[in-house]
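# A structural walkthrough
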Amino acid sequence: MQRTSMQGVERVYCDVCIHALVAAWRELLDSPASETLRHTKYGKGDTLGLDAITEIIIHDRLCDFDRHAILVTEELDDDARERWPTDAEPIRQPLMFFSDPTDRSRQLREYIETISRETPIRRLGLLMGRDKGIQVWERMFEKPAMITGATSSITCVRKGQIIFSVILNIVTQTIFVATPLGNVVMRLPRFGDPVCDQVDLNYVLGHGRPLIFPPAKITCQRPDDFKRFVTFLGKEDYEKNFIDSMVFVENPDDFLHHTLPGGPARILYLSELQRGHGPIGFIMANGEKIGEWIHWLAFAKFAMREHGGHQLRIFEIAIPRPHYKDGVLMSTAPAYSIFSQLGSTVYLDVSRLRTFETPSRFRSMLVVAPFDNERIAHIMRQHCYREIDLS
């Protein structure tokens, strides 16, 4: 049964994550543009300042609050792996946070280079402004920036359950929060405004508005609209995986909306924010790393219909001859999946990632679609793809 409340400890952790993302965003925008573009030695290699700044703030905020919690990012994977849970029982698994500190960093780098060309030492937030910065981004990387913008994100997993997700759009300066209290979107105060220190879950709930995921019958007017989708095709391995997996949609190139979308914010293509920018029948994780798609789960879990039932459905694709990337399966059958079942309850068995040299590189193929996209749901069932019910 879907919860409509949060335990006190869960609200506290959500506040910490919101504070961490807001602090990382403010630090990034308060930095000279040249500093965000400078290469720095951090984590596993040569990293741009725009990646390091956000990750350091997020790490320090979460780990200073609870040194026993496990934070999973690509750069800090070694630290997380040393304390990775070994027990498959969800009740014995520790609190875990999965974070993508800067998604779409390549596009963000190009954006910063463009707006700082004449004044590289000016603070990034002043160069971006508000609406003007959004217009520049949309000219460079497609509308709407609320979905296509670079983001920072954190998802909390507690005792095998998705508890909440927070996504902050750096470009539109907007925060999205998915909790048992609902999915909410809110425009942040200006980065230099002291009121930013007050932004927590209660503030977002009080100043934001519900984030709506409309039924497919509203967004898809023509039969082919139900087959329009968004996935990532940025590299050769992904294209091969895509070709083998898309047997369930004939001529997929005719229905592909975007080949280089962001990861965490991809779920927003199914929201009201996409209205006016083309119908989307479903989104897909094309064998991508867990940090790209785990954030979708909370928004799907907490998007509820007025009279009960989930607004979005999640399916896990397992193709007969899966591809590999960096030695990791891109598609997982139930025996290898992170999704396990205890009675009627589906939970995330994070202990299965213990054997991975880099747990953040665990991959999966998922499809998320509105509950009434019957065309896709029937195809999923015909191919015996598993539905993931996170109730």
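Computed from a prediction, not measured in an experiment: that's the story for all the values here. (Residues numbered from 1 in each chain as written. Predicted model: local features only at pLDDT ≥ 70, side-chain atom pairs only at ≥ 80, totals over all residues. Heavy atoms only, no water.)

### Points about the overall build of the protein
Scanning the protein from N- to C-terminus turns up 13 helices and 19 strands. For 391 residues, the compact-globule estimate of 2.2 N^0.38 gives 21 Å, and the C-alpha radius of gyration of the protein, at 20 Å, lies within 12% of that figure. With the C-alpha coordinates aligned to their principal axes, the bounding extent of the protein is approximately 55 × 45 × 45 Å. Residues classed as buried in the protein amount to 59% of the 391 residues present. Sequence-distant contacts, at least 24 apart, represent 73% of the contacts inside the protein between residues at least 6 apart. Summing over all exposed atoms, the protein offers an accessible surface of approximately 16600 Å²; the carbon and sulfur share of this is 48%. Of the charged side chains in the protein, 47 are positive and 51 negative, and the gap between their average positions amounts to 2 Å. (Helix = DSSP H or I, 4+ residues; strand = E, 2+ residues; numbered from the N terminus. Rg over C-alpha atoms; globule rule 2.2 N^0.38 Å. Buried < 20%, exposed > 50% of the residue type's maximum accessible area, 1.4 Å probe, protein only. Contact = heavy atoms within 4.5 Å. Areas by Shrake-Rupley, 256 points an atom, 1.4 Å probe, with all protein chains shown as cover. Lys, Arg positive; Asp, Glu negative; His and termini not counted. Charge placed at Lys NZ, Arg CZ, Asp CG, Glu CD.)

### Some details on the sheet that holds strand E9 (residues 209–210)
Taken in spatial order, the 7 strands line up as E3-E4-E5-E6-E7-E8-E9 in an open sheet, and their pairing is mixed. Since the sheet does not close on itself, it has two edges, and those belong to strand E3 (70–72) and E9, each with one partner. Together, strand E4 (96–103), strand E5 (151–158), strand E6 (161–169), strand E7 (174–179) and strand E8 (182–187) form the strand contacts of helix H12 (residues 290–302), whose direction differs from that of E6 by roughly 110°. (Pairing = 2+ DSSP bridges. Axes fitted to C-alpha atoms, helices over the stretch in contact; angles between N-to-C directions.)

### Observations regarding helix H13 (residues 374–382)
Taken residue by residue, H13 has Ile376, Ala377, Ile379 and Met380 as its buried positions. In a view along the axis of H13, the buried residues occupy a sector of 160°, so they form one face of it. Set apart from the buried face of H13 by more than 90 degrees, the exposed residues are Glu374, Arg381 and Gln382. Tucked inside the fold, the buried residues of H13 contact strand E12 (282–289), strand E13 (312–316) and strand E18 (363–370). Of the residues trailing H13, Cys384 is marked for its positive phi of about 60°. (Arc of directions from axis to C-beta.)

### Some words on the layout of surface pockets
By volume, the largest pocket is sized at about 1100 Å³. Along the wall of the largest pocket there are 43 residues; nearest its centre are Glu74, Thr102, Ser105, Lys289 and Glu292. At 6 residues, the largest contribution of residues to the lining of the largest pocket is made by E4. Looking at side-chain class alone, the lining of the largest pocket contains 10 nonpolar, 13 polar and 20 charged residues. (1 Å grid on protein atoms, 1.4 Å probe; cavity = no way out; pocket = protein on both sides within 12 Å on 5 of 7 lines; lining within 4 Å. Points joined across faces, edges and corners; volume = space filled by probe spheres on them. Nonpolar A, V, L, I, M, F, W, Y, C, P; charged D, E, K, R; others polar.)

### Quick look at the pairing of E8
Counting buried residues along E8, 5 of its 6 residues qualify, which places the element largely inside the surrounding structure. Pairing between E7 and E8: 6 bridges, direction antiparallel. Considered in E8, the bridge of Phe176 is made with Val185. Remark: 2 residues form the turn of the hairpin made by E7 and E8, two consecutive strands paired antiparallel. Where E8 meets E9, 2 bridges bridge the pair, whose relative direction is antiparallel. Across the sheet, Val185 pairs through a bridge with Arg209, a residue of E9.

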